[in-house]
Protein chains: 2
Amino acid sequence: MNKRAQRLTTLATGVVLGLGAAGAAWSEDTLKDVMDRRGLTEKDLLAAAKTYVPTGGRDEFVVFASGGQSGQVIVYGIPSMRLLKYIGVFTPEPWQGYGFDDESKAVLEQGRTRGKDLVYGDTHHPAMSETDGAYDAKFVFINDKANPRIAVIDLHDFETKQIVVNPFFKSAHGGAFVTPNTEYVMEAAQYAAPLLEDGFVPLEEFNDKYRGGLTYWSFNKEKGRIDPENSFTLELGPYSQDLSDAGKKDSYGWGFTNSFCTERYVGGIERGRPPFEAGCSSKDTDYLHVTNWKKAEELVKAGKVKKEKGMYFIPLEQAIAEGLLYLVPEPKSPHGVDVTPDGKYIIVAGKLDSHVSVYSVEKIMKAIEEGNFEGKDPYGVPIIPMQDALHTQVNLGLGPLHTQFDSKPCVAYTSLYVDSQVAKYDYCEGKVLDKLSIHYNIGHLMTMEGDTINPQGKYLVALNKLSIDRHQPVGPLHPQNHQLIDISGDKMQLIYDMPLPLGEPHYAAAIRAELLQPAVRYKSGWNSRTDEQHPNRTRAGRETTERTCDADGKCTTRVMGTVIRSHITPEIIEAEVGDQVHLHLTNLERAQDQVHGFALYGQNVNLSIEPGKTASFSFVADEEGVFPYYCTEFCSALHLEMQGYLLVRPKGYQATEVSMVEGTLYSQADYDTQVKTNLETQAVIDQVVAYITARNFQDFPTAVALVEDATDQLGFAQESKKKSEDAAAKADWQNAMLWANQWWQYQVKAADLGLRAKNLLDEEGATVNK
Amino acid sequence: MNKRAQRLTTLATGVVLGLGAAGAAWSEDTLKDVMDRRGLTEKDLLAAAKTYVPTGGRDEFVVFASGGQSGQVIVYGIPSMRLLKYIGVFTPEPWQGYGFDDESKAVLEQGRTRGKDLVYGDTHHPAMSETDGAYDAKFVFINDKANPRIAVIDLHDFETKQIVVNPFFKSAHGGAFVTPNTEYVMEAAQYAAPLLEDGFVPLEEFNDKYRGGLTYWSFNKEKGRIDPENSFTLELGPYSQDLSDAGKKDSYGWGFTNSFCTERYVGGIERGRPPFEAGCSSKDTDYLHVTNWKKAEELVKAGKVKKEKGMYFIPLEQAIAEGLLYLVPEPKSPHGVDVTPDGKYIIVAGKLDSHVSVYSVEKIMKAIEEGNFEGKDPYGVPIIPMQDALHTQVNLGLGPLHTQFDSKPCVAYTSLYVDSQVAKYDYCEGKVLDKLSIHYNIGHLMTMEGDTINPQGKYLVALNKLSIDRHQPVGPLHPQNHQLIDISGDKMQLIYDMPLPLGEPHYAAAIRAELLQPAVRYKSGWNSRTDEQHPNRTRAGRETTERTCDADGKCTTRVMGTVIRSHITPEIIEAEVGDQVHLHLTNLERAQDQVHGFALYGQNVNLSIEPGKTASFSFVADEEGVFPYYCTEFCSALHLEMQGYLLVRPKGYQATEVSMVEGTLYSQADYDTQVKTNLETQAVIDQVVAYITARNFQDFPTAVALVEDATDQLGFAQESKKKSEDAAAKADWQNAMLWANQWWQYQVKAADLGLRAKNLLDEEGATVNK
């Protein structure tokens, strides 16, 4: 019996769901009851089984999607399609403290454009860093179309580390794309504008003075930062450059960038003329730009390229003369240009042509070598004849947009915008293999590592702009819709619809989850944005508040503080009106996920201080008053008690000799009661400790982390116990009682952690040590 | 055979999954193969079947969760746990244009505090509007703890309409909670501070001059706005007031607010004293505040309450004298105070006590009537004896926090923070029914409409702060984790883990999805923030750009423009440096989900213009230059061509007589070719139209909407066709060709819509008309 026949047999005999072992709690529902009640078909159930990830389970792939106009990067898992994170990139985001702490403000400030702080971005195309053409799980790059910029995200901590501003462009849709060893990050201009001139140039001079361009941003992998000093920009014709892809393997050293509006049409509605959409889509072909970045790099290194506005700039004439730039006609208003995994072909999808055009790199190179050109564009760039560059064209349907690759050789997928379909085809043979309808308006699509030299197959995501009737209505502004498609078989199968709640993801990249190994904590006292020890870090017991005034009477209050369950040190900050205040807070926790926040009334501050991080906030205490502050993260049972007061005194205020009146007074009896509780609590803790240590807890990483954390808390308990006993020895019952309570607070935290570790061991089936 | 026995029989015989009808595409996988490959147990499969929602399906409930420090409100579906929307509330968010267009900036400006624009919020507790104690699906309210404010979200369009600033408080965790007819929205202070004084008051005067409080914000349901003029605040003791709940049915007219730190401890780390956490948790009891809002309202209406800082303010002495305020001791550091659906009991969960305390409203009222007090607090507020107010106490476990109710009588669920469990119990009998372990650190929990007079049962969500090992690691800052629990049977069943990617939801409210009926478009030319026709709306063909200068030479350029697939009118905006520019853009679309965006280089603007909306952006053109703009939403195949240029001229610039040079020139042959294409396209469209109209498309709302939209596009095509023919008649081949192309563009849009409608009819099984 062959495999296929075996499968059909299994199918016919069906699957028996006993559920007996799962126990009585589950026996009240049978699968059939649930399916009937919820109206699920067998197909639905199979899709559910293909996408459901049980508690604690892991997704197979992790996606980095642009957040569109939210200015962020979205992270989600495949196949569960659960959202894991929005990384703050171009837009301030308070939960992460992004754009609120001094450290991340410095990153955003790198993105200032024409002297203005920008508080959003229009992100389009994330690119993952590569080594030898494969994802290396180190960095993600993302562009801002509205204000041409590129951001660098480090996958060590999923934080944005750098933003660079393109000095030439005034629009840049076509970024980010990387070369096979992340030597460069490609960013192409979109709407043409004067490159070297930021002032006014009338539109009448469009053909002469407006230009497109392509920047190769040099990336320093060691430092994890873009190096603008060694980056270069190629001047291009005033076409609307669009997406790019870098050559790989056979095409290594080259870049490919398409364009639309090679008609060079400029507006017209005000003059009674048709809009851009007609003027920019009238010709049957546009131009694929073929650029030789390897040779350009050599010219730069040889000192043959001049700098403009601080960056190496290669004018059109030089690019043409040095053989850095060629054009190939490509069908009507293309969007995607995608190099096949072997680097031998380039697939271009022209939105207004029903074909994808498969170009042969070998043929293009041959034409260049032989000087086989059909002429030049108006700016003197040689044009390779289309028929001499094409391998084949495949008729797919209406509105082809973007292409990704399967793990199977020669198999590609292209999104069809107008048809709202995904087409699967063999680009070697030029043969359509399958089509699947999706809902609605697919833009990009994405396969797993589908733009690398080794695509992983298995899944495809259709990034649909419109969701219309797919989801519960939530007002005139709908979510987007990402649809998950199983591509493991011959036929594509739609298995999940995911609404995207914030931002419009234009493109995405998916990587095997196992390749990502992010940190769960920072080294203690760390500036996460510069990846260095923070000069203003501090340690437990070394917290300080210092006020200094200069000769002109300008005063500064600097707080070097700490946060740990459940207190902020200092709990009282005193300053005088007009003071420049600098707050530096270090999270002393080592426990995974034990984040603290910091908010201060009236001052626009919310910090997110992950374990080990030092975060700062600077402001002028411009008004006298009482300003409560507190930890904004629900960090422990007494999280609400993690609070303090900033007191801003009037200038020259003299404190009267009023000492603090206690709200509640405690006696020796109170102390004795608390100590009794503590001793009882310790007995419980000892039992839990015995339970855990009698078992193989070392085999469970989360249990080990919980035990380490509990041990820390018990250490703090000991310190408080000692303070309590010292006070009691002096018959200072007020402090004795309060320190005894603090001792208990630490015990509660330790018990909490111990109980969690115990539950985890029970659930995971830990065994008793022999 | 009884029902239970029947079920067990079904269980034993199992479920046969034939999948025959689903066709060959699905036959390659059997369910068993998939389960084996993915390591799913039968329990997992059952959970998958309980939560999976197939494409186009609907969730049963919609959740509104606080977005924590993101400052937003999160919307998601149950049981699929898919995120549907982040509503911009206290934090600017560019995708929605929130805080970027003039209209929403005006909403955020209402939230200015102490003269400062605030660009975030720390949202905690959403409340849905109620009528007769049940959700009426009209409004959502949410508080900002950091800067005491309340926001109003209208569920007609899921937009934030209003923000009000509390004039007295400097911290307010305990909001929003509504009275049974949304007469008032309750907001309690948290960290005590001087109420009437915004200046400096030394902490030494804490007991005398710092105070807590409780504001009852009056809500005008007709207008959909809070009415600060008729709102009032009760002064309370300097305790940390926490959560509230309004009485209902038997307890209508009363409010209940708990508190912690009734020890009135103030800090101490700097003085070598224990931190707040010890000082604020040393007593065994704190105070439940019982307030009579109905009587307070009568006093206000009778003119017996004075205003302070523009709001009615009821000092402690007046509240005591008028019988508006009583205290009842409640166990140690409580968080949740929750009134049972019948209004007869109040359940208080004290974090540091293992019990929940069930208070009897009848007993409390009796004590008040009889003047049965055990004394007064230091501020003279009468204290009802705890034992005379209690119905019962139920021993649940460590760290009880918050309580919600089942549809079954007397059944409640309380979160146990330290135990990381949910406890199910009978609060009438005081009996524990079930416990379920969750992961990790549950804060609030939520049942479906679980804080109304008619809870819906079925599901419970555990809002867990820590996710630790539940999800794929994404760096030191983890997502939160919401766990879905099936409560339909006797035993609770954990069925889904949802990572929350942005912000820390503290509390949430779930409503039946069927009750929500939001709009999909606005009336044409609508200001969505004021809910009025926009004074600067315009219509197709009436777009204007006007420049006016005043006597001082200050000039204003005002653009009344439109957006529609795929052009922005105007496409060129000219201004002079220094001009005040006002852009007003109206979306002319009527089609669902057909949103356009607007971004302009260098100016910090991203608009989201949903169908019908008019959005504005004002700025000073402070630099000369060339500034591209474009539509940021992927709205059509030629979305990238939806572009334009703002040209800012130097002062006094005189245009030279250079006329526009065309990039590409067209001939009669080009025109004829285009017309031929258009006629062929029309033939395809006619076929699609015939296909659709031969079927019962009127029975499918989405198909009807698509057809209406396609008809609109064909109307536009006719207009372009006429312009094309007019130009051809004058042998103006340039314009003839371009208008013919524009005619085709509209045809493509119509065809796109028609094909989608056709596919939808095929999929949904539409039938041929008889």
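See the structure above.
Residues numbered from 1 in each chain as written. Chains lettered and ligands numbered in written order. Predicted model: local features only at pLDDT ≥ 70, side-chain atom pairs only at ≥ 80, totals over all residues. Heavy atoms only, no water.

S.K.: Help me understand helix H14 (residues 733-764) of chain B, please; the structure alone is not making it clear to me.
M.R.: A turn of α-helix holds 3.6 residues, and therefore any two residues three or four places apart point the same way. Residue and element names in this part refer to chain B. Over its 32 residues, H14 runs 46 Å from end to end, which matches the ideal 46 Å to within 8%, given 1.5 Å per residue. Counting buried positions along H14 gives 26 out of 32 residues, so the element sits mostly inside the fold. Gly 765 lies just past H14 and shows a positive phi near 75°. (Helix = DSSP H or I, 4+ residues; strand = E, 2+ residues; numbered from the N terminus. Expected span 1.5 Å × (residues − 1). Buried < 20%, exposed > 50% of the residue type's maximum accessible area, 1.4 Å probe, protein only.)

S.K.: What is the right way to read helix H13 (residues 701-729) of chain B from this model?
M.R.: Residues and elements named next belong to chain B. An ideal rise of 1.5 Å per residue puts 42 Å on 29 residues; H13 measures up with 42 Å between its terminal C-alpha atoms. Taken together, the buried positions of H13 are occupied by Thr 702, Ala 703, Leu 706, Asp 709, Ala 710, Gln 713, Ala 717, Ser 720, Ser 724, Ala 727 and Ala 728. Each element contacted by the buried residues of H13 is listed here: helix H12 (668-693) and H14. A positive phi of about 60° marks Ala 731, the residue just after H13. (Contact = heavy atoms within 4.5 Å.)

S.K.: Explain the packing of aromatic side chains to me, please; I cannot follow it from the model alone.
M.R.: Both the distance between ring centres and the angle between the ring planes are used here to describe each pair of aromatic rings. All names here are of chain A. This model, assessed by the stated rule, comprises 59 aromatic pairs over all chains. Centre to centre, the rings of Tyr 184 and Tyr 216 are 5.9 Å apart; their planes meet at 85°, and the pair counts as edge-to-face. A residue pair is termed long-range when its members are at least 10 positions apart, and Tyr 184 in strand E9 (residues 184-188) and Tyr 216 in strand E10 (residues 212-220) qualify at 32 residues. Overall, Tyr 184 belongs to the buried group, its relative accessible area being 4%. Among the residues examined, Tyr 216 registers a relative accessible area of 0% and is labelled buried. Within the aromatic cluster, the residues linked to one another by ring pairs are Tyr 184, Tyr 216, Phe 232, Tyr 252 and Trp 293. (Phe/Tyr/Trp six-rings, centres within 6.5 Å; stacked < 30°, edge-to-face > 60°.)

S.K.: Can you walk me through the interface of chain A and chain B in this structure?
M.R.: A common way to state how big an interface is: give the accessible area lost once the parts meet. Each partner contributes residues to the interface: chain A has 247 residues there, and chain B has 247 residues. Summing both sides of the interface, chain A and chain B together bury roughly 23000 Å²; the carbon and sulfur share of this comes to 60%. On inspection of chain A and its partner chain B, the count reaches twelve salt bridges. B:Glu277 is paired through a salt bridge with A:Lys749; the nearest N and O atoms lie 2.7 Å apart. Our count for the contact surface shared by chain A and chain B stands at 105 residue pairs in polar contact (both at pLDDT 80 or more). (Buried area = accessible area lost by both parts, 1.4 Å probe. Salt bridge = Lys/Arg side-chain N within 4 Å of Asp/Glu carboxyl O. Polar contact = N/O pair within 3.5 Å; in protein donor to acceptor, adjacent residues only side chain to side chain.)

S.K.: Would you mind going over the pattern of salt bridges with me for this structure?
M.R.: Where charged atoms of side chains with opposite charge meet at close range, the side chains can pair. Residues and elements named next belong to chain B. For the coordinates displayed, the defined rule picks out 86 salt bridges over all chains. Where Glu 680 meets Lys 676, a salt bridge forms, and the shortest distance between an N and an O atom there is 3.0 Å. Here the residue Glu 680 and the residue Lys 676 both occupy positions in helix H12, the gap between them amounting to four residues, near one helical turn. On the basis of relative accessibility, which here comes to 44%, the residue Glu 680 falls in the partly exposed class. Relative accessible area serves as the criterion here: at 53%, Lys 676 is assigned to the exposed category.

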